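Now for the letters of each chain:
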Amino acid sequence: MKIICVGRNYTEHIAELKNDKPTHPVLFLKPDTSILLKKQPFFIPEFSEEVHHEVEVLVKINKIGKHIDRKFAHKYYDEIGLGIDFTARDLQSDLKSKGLPWEKAKAFDGAAVVGNFLPKSTFKDVDAISFRLEKNATTVQEGSTSMMLWKIDELIEYISKYFTLKIGDIIFTGTPAGVAKVHPDDVLVGYLENTEVFSIKVK
Ligand code: ZN
């Protein structure tokens, strides 16, 4: 399986990192080895002084597809989840400034938290799902899929022009504002609407 991530999909997060608003979705991949094993803590890697949490809504693909039209995209997923795109921001800034790919900052072991998935039928409207991240019992990031520049079905259309989507692939749909550095002993808890879907200890 593969993980396809979308960058710069929420206006306020684009502003906080002083990035330009993209004219097309920014895409990058994480390998399956980046998935943090269930019930394991997240260890801050030694190569970074500044790992940020980015909480993101996840979409799990349930059917193989290429060149999927947005009006049929809803047939390619029936589960929605929440996760964290851990990002070594210091490394990413350095790579960005040199025009180099981001993988070392985004695709390292443990950099993808994949929480529990809920059936799509749980939600009234996939384009209005609220979610939040609590750090040490304080809300640090919150958003709604209604705030996405590119909605889920548009993302599937766009992504599938480049990459064949296969069963089990996961799309990370981008983070809202509020990204910040994690520290040892932090506890990160994610909620999809009001359901807790992951709890991660940082070490
Ligand atoms: Zn992200």
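For the structure itself, consult the block above.
Now for a description of the structure that goes with this document.

Calculation criteria
Residues numbered from 1 in each chain as written. Predicted model: local features only at pLDDT ≥ 70, side-chain atom pairs only at ≥ 80, totals over all residues. Heavy atoms only, no water. Helix = DSSP H or I, 4+ residues; strand = E, 2+ residues; numbered from the N terminus. Rg over C-alpha atoms; globule rule 2.2 N^0.38 Å. Buried < 20%, exposed > 50% of the residue type's maximum accessible area, 1.4 Å probe, protein only. Contact = heavy atoms within 4.5 Å. Areas by Shrake-Rupley, 256 points an atom, 1.4 Å probe, with all protein chains shown as cover. Lys, Arg positive; Asp, Glu negative; His and termini not counted. Charge placed at Lys NZ, Arg CZ, Asp CG, Glu CD. Arc of directions from axis to C-beta. Donors = N, O, S within 2.8 Å, 3.2 Å for Na, K, Ca; no water. Pairing = 2+ DSSP bridges. Polar contact = N/O pair within 3.5 Å; in protein donor to acceptor, adjacent residues only side chain to side chain.

Concerning the overall build of the protein
A count of helical and extended segments in the protein gives 4 helices and 14 strands. Compactness check: the protein gives a C-alpha radius of gyration of 16 Å against a globular reference of 17 Å for 203 residues, within 12% of the reference. The dimensions of the protein, computed from C-alpha atoms along their principal axes, are 45 × 40 × 30 Å. Each of the 203 residues in the protein was classed as buried or not, and the buried ones make up 52%. Within the protein, counting contacts between residues at least 6 apart in sequence, those at least 24 apart form 76% of the total. In the structure as shown, the protein presents an accessible area of about 9600 Å², 53% of it carried by carbon and sulfur atoms. Here the protein contributes 28 positively and 29 negatively charged side chains, and the mean placements of these two sets differ by 4 Å.

Details of helix α2 (residues 89–97)
Turning to α2, its buried residues number three or more, namely Arg89, Leu91, Gln92 and Leu95. Taken down its axis, α2 places every buried residue within 155° of arc, on the same side. Of the surrounding secondary structure, the elements contacted by the buried residues of α2 are α1 (11–16), β3 (51–53), β6 (87–88) and α3 (103–106).

Thoughts on the coordination of the zinc ion
Coordination of the zinc ion by the protein comes from Glu54 (OE), Glu56 (OE) and Asp85 (OD), over a distance range of 1.9 to 2.1 Å. Donor residues for the zinc ion sit on one chain with the sequence pattern E-x1-E-x28-D. Taken together, the positions of Glu54 in the loop between β3 and β4 (55–61) and Asp85 in strand β5 (residues 77–85) put the pair 31 residues apart, joining distant regions of the chain.

Section: the pairing of strand β9 (residues 130–135)
A large share of β9 lies buried, amounting to 5 of its 6 residues. When β9 meets strand β10 (residues 138–144), the two strands line up antiparallel, connected through 6 bridges. Of the residues in β10, the one forming a bridge with Arg132 is Glu142. Between β9 and the antiparallel strand that follows it, β10, lie 2 residues; Asn136 among them carries a positive phi value of about 50°. Alignment of β9 against strand β13 (residues 187–192), held across 5 bridges, turns out to be antiparallel. Residue pairing in the sheet places Phe131 in a bridge with Leu192 of β13.

Concerning the side chain of Ser160
The residue Ser160 is located in helix α4 (residues 152–162) in this model. In this structure the side chain of Ser160 is engaged in a polar contact, spanning 3.2 Å, whose partner is the backbone oxygen of Glu157. Each residue touching Ser160, except ones within four places of it in the same chain, is listed here: Gly65, Lys66, His67, Ile68 and Leu165.

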